[in-house]
Amino acid sequence: MIKTIELFPGVTLRCFRDDRFKQGAMSLQFLRPMCKEEAALNALLPSVLLRGCKDAPDMRAITLKLDDLYGASVGALVRRIGDIQCTGLSCGMLGDRYALDGDAIFAPMAAFLEQILLEPVTADGSFDESFVESEKQNLIWTLEAQRNDKRAYAQSQMLYTMCKGDSYGIPRLGTVADVEAITAKGLYDHYRKVLETSPVHVFYVGAEDAETVAKHLSPMLSRLAKNPMELPKQTGFVPDGLIEKEEILDVAQGKLCMGFATPINLRHHAYAAVQVCNTILGAGMTSKLFMQVREKMSLCYDIGSGFHGSKGILLVAAGIEFDKKDIVREEVLHQLKLICDGFITDEELRSAKEALLSNLRATHDSPGAIEGYYASAAISGIGMDTTAFMEAIARVEKADVQAAADTLQLSCVYFLKGAQ
């Protein structure tokens, strides 16, 4: 299904051929170790590259060029996959077979990408300062908007607190202070280092065959990763006792976040079982946390859980009254204990498995979803495709869920409240 080609040392192309869609999708990612010194630089870089290149020196010219390519699109791509930060470009384009007779789209799109990536607008060995300052402000606004979303802010603060000694605690986009410190020359020097030393992963989804994709991308990719670094191996999270933190902000509703660590991550044989466990506990409207803590006991405005598979962290988040912190905390622990003790109905198990299977089936509904799932899986260091994962979920039994739940260790409690 996926054809993998090592085009050059440090440069990997993966192609998922699928002719169901008129549109294709492609990502070009430079892989870097997740570290505080680079996080903001890597987050800012693709946005600056998209401000202009040799034959399209500004955003209007880039838009016009993409319009000529049947409305193709190019966007900045910044991901955090476990201990790896990915920076690069994502693209969408019409398949060649849907173009007018004699027109091609993929080949000129590949050539245009080469310009955007390797021939940016520069002056005196530096990026255009106005481009950099403008994109810095956009990134700062994005970071400040995240702080204004108190639910997202509380969850990011919990992960930062819980994973302070781990790369997973580093904000994916860096911090405002980190962004403010970036200069046009410093970013350009980092860009040269990224091109020279980063392993490159390209993932294509569409009707073109792998050989055609490789042929058109090779002129660009041959100029990259001349001295590819060795990336750190993906690691799970190892807790260091229980950390508790309260923060006071001007909020009308408290945000309680509880982080549980487990040795089970997406590289573990029990990954399917812990995903089913998470779904039964808090991922959905039929979960124990939703049905019992919110609906039956009316202890919170909202509650749910999510599993960070790359690290093995289960996060429970609830919106509550300020004085309900302790009782909600205890009830979350109680619902988890029920799962550990085997109080799982057949309907809960069936509903959880069906929800996960439905989400996995939806992965193949669009080129972008296919790219997101398989590219992230490859960088995570796993080879499990959706079919294999669905089969693993279908095999999960109640005892497997109990065993997975029993590994969950409360490692962090973060509470955001207002001044009283």
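Residues numbered from 1 in each chain as written. Predicted model: local features only at pLDDT ≥ 70, side-chain atom pairs only at ≥ 80, totals over all residues. Heavy atoms only, no water.

1. Structural notes on the overall build of the protein chain
For the protein chain, the helix and strand inventory stands at 15 helices and 11 strands. Its C-alpha radius of gyration of 23 Å places the protein chain within 12% of the 22 Å reference for a compact globule of 420 residues. If one aligns the C-alpha atoms of the protein chain with their principal axes, the spans along those axes are about 65 × 45 × 35 Å. Taking all contacts inside the protein chain whose residues are at least 6 apart in sequence as the whole, residues at least 24 apart take part in 82%. Accessible surface, the protein chain as shown: approximately 18,500 Å² in total, 51% of it carbon and sulfur. The centroid of the 44 positive side-chain charges in the protein chain is displaced by 2 Å from the centroid of its 55 negative side-chain charges. (Helix = DSSP H or I, 4+ residues; strand = E, 2+ residues; numbered from the N terminus. Rg over C-alpha atoms; globule rule 2.2 N^0.38 Å. Contact = heavy atoms within 4.5 Å. Areas by Shrake-Rupley, 256 points an atom, 1.4 Å probe, with all protein chains shown as cover. Lys, Arg positive; Asp, Glu negative; His and termini not counted. Charge placed at Lys NZ, Arg CZ, Asp CG, Glu CD.)

2. Digging into the pairing of strand E1 (residues 2-8)
Across six bridges, E1 lies against strand E2 (residues 11-17) in antiparallel orientation. Note that in E2 the partner of Ile-5 across the bridge is Leu-13. In this antiparallel pair of consecutive strands, E1 and E2, the connection spans two residues, and Gly-10 shows a positive phi of 85 degrees. (Pairing = 2+ DSSP bridges.)

3. Digging into unusual backbone geometry
Although it is not a glycine, Tyr-70 sits at a positive phi angle of roughly 60 degrees. Relative to the assigned elements, Tyr-70 resides in the loop between helix H2 (59-68) and strand E4 (73-81).

4. Observations concerning the pairing of strand E10 (residues 313-320)
The buried count for E10 comes to eight of eight residues, which makes it a mostly enclosed element. Two elements, strand E8 (residues 254-261) and E10, share eight bridges in a ladder whose sense is antiparallel. Paired with Lys-255 across the two strands is Gly-319, which belongs to E10. The pairing of strand E9 (residues 302-308) with E10 spans seven bridges and is antiparallel. Residue pairing across strands places Gly-306 opposite Leu-315, the latter belonging to E10. Connecting E9 to the antiparallel partner E10 that follows it, the hairpin turn spans four residues, and Gly-312 within it adopts a positive phi of roughly 80 degrees. (Buried < 20%, exposed > 50% of the residue type's maximum accessible area, 1.4 Å probe, protein only.)

5. Considering the sheet that holds strand E6 (residues 200-206)
Across a sheet, strands are paired by hydrogen bonds formed along the backbone, either parallel or antiparallel in direction. The sheet built from six strands is open, its strands ordered E1-E2-E6-E3-E5-E4 with mixed pairing. With one partner strand each, in any of the chains shown, E1 and E4 form the two edges of the open sheet. The mean angle between the axes of side-by-side strands here comes to 20 degrees, regardless of whether they run parallel or antiparallel. Contacting strand E3 (23-33), E4 and strand E5 (84-94), helix H1 (residues 36-49) crosses the sheet at an angle of about 15 degrees to E5. (Axes fitted to C-alpha atoms, helices over the stretch in contact; angles between N-to-C directions.)

6. With respect to the packing of H1 against helix H7 (residues 184-197)
Closest axis-to-axis distance for the H1/H7 pair is 10 Å, and the angle between their directions is 90 degrees. The orientation of H1 with respect to H7, classified from their angle, is roughly perpendicular. Taking contact as the criterion, the partners of Glu-38, Leu-41, Asn-42, Leu-44, Leu-45, Val-48 and Leu-49 in H1 are, on H7, Leu-187, His-190, Tyr-191, Lys-193 and Val-194. Its residues placed into classes, the contact of H1 with H7 shows eight nonpolar, two polar and two charged. (Parallel < 35°, antiparallel > 145°, perpendicular 65-115°, else oblique. Nonpolar A, V, L, I, M, F, W, Y, C, P; charged D, E, K, R; others polar.)

7. Some details on the side chain of Ser-310
Looking at the element boundaries, Ser-310 is found in the loop between E9 and E10. Taking relative accessible area as the criterion, Ser-310 reaches 11% and is therefore assigned buried. Excluding anything up to four places from it in sequence, Ser-310 contacts Gly-82, Tyr-168, Thr-235, Asn-265, Leu-266 and Arg-267.

8. Things to note about the environment of Gly-52
Within the secondary structure, Gly-52 is located in the loop between H1 and H2. Look at Gly-52 and you get buried, because its relative accessible area is 2%. The spatial distance from the C-alpha of Gly-52 to the C-alpha of Ala-99 is 26 Å, given a sequence separation of 47 residues.

9. Some details on the sheet that holds strand E11 (residues 409-417)
Overall, mixed pairing links the five strands, which are arranged E7-E11-E8-E10-E9 in an open sheet. Strands with a single pairing partner mark the edges of an open sheet, and in this sheet they are strand E7 (243-248) and E9. The average undirected angle you get between the axes of adjacent strands in this sheet is 15 degrees. Relative to E11, E7 is paired through six bridges, and the arrangement is parallel. Residue pairing in the sheet places Glu-244 in a bridge with Val-413 of E11. In the packing of helix H9 (residues 271-281) onto the sheet, the strands contacted are E9 and E10, and the crossing angle to E9 comes to about 170 degrees. Of the strands in this sheet, E7, E8, E9, E10 and E11 are in contact with helix H11 (residues 325-340), which crosses E8 at around 35 degrees.

10. Let's talk about the packing of aromatic side chains
Note on aromatic pairs: each is described by the distance of the centres and the angle between the planes. In this structure the tally under the stated criterion is eight aromatic pairs. Between Phe-16 and Tyr-374 the ring centres are 5.5 Å apart and the planes differ by 35 degrees, which places this aromatic pair in the tilted class. Placement of Phe-16 in strand E2 and of Tyr-374 in helix H13 (residues 367-380) is noted, with a sequence separation of 358 residues between them. Judged by its relative accessible area of 3%, Phe-16 is buried. When the centroid spacing of 5.3 Å and the interplanar angle of 15 degrees are considered together, the rings of Tyr-271 and Phe-389 count as stacked. Taken together, the positions of Tyr-271 in helix H9 and Phe-389 in helix H14 (residues 386-395) put the pair 118 residues apart, joining distant regions of the chain. Taken together, the ring pairs connect Phe-16, Tyr-373 and Tyr-374 into an aromatic cluster. Over the ring of Phe-112 we find Lys-65; its NZ or CZ atom is 5.9 Å from the centre of that ring. Above the plane of the ring of Tyr-168 lies Arg-80, whose end atom (NZ or CZ) is 4.5 Å from the centre. (Phe/Tyr/Trp six-rings, centres within 6.5 Å; stacked < 30°, edge-to-face > 60°. Lys NZ or Arg CZ within 6 Å of the ring centre and 35° of its normal.)

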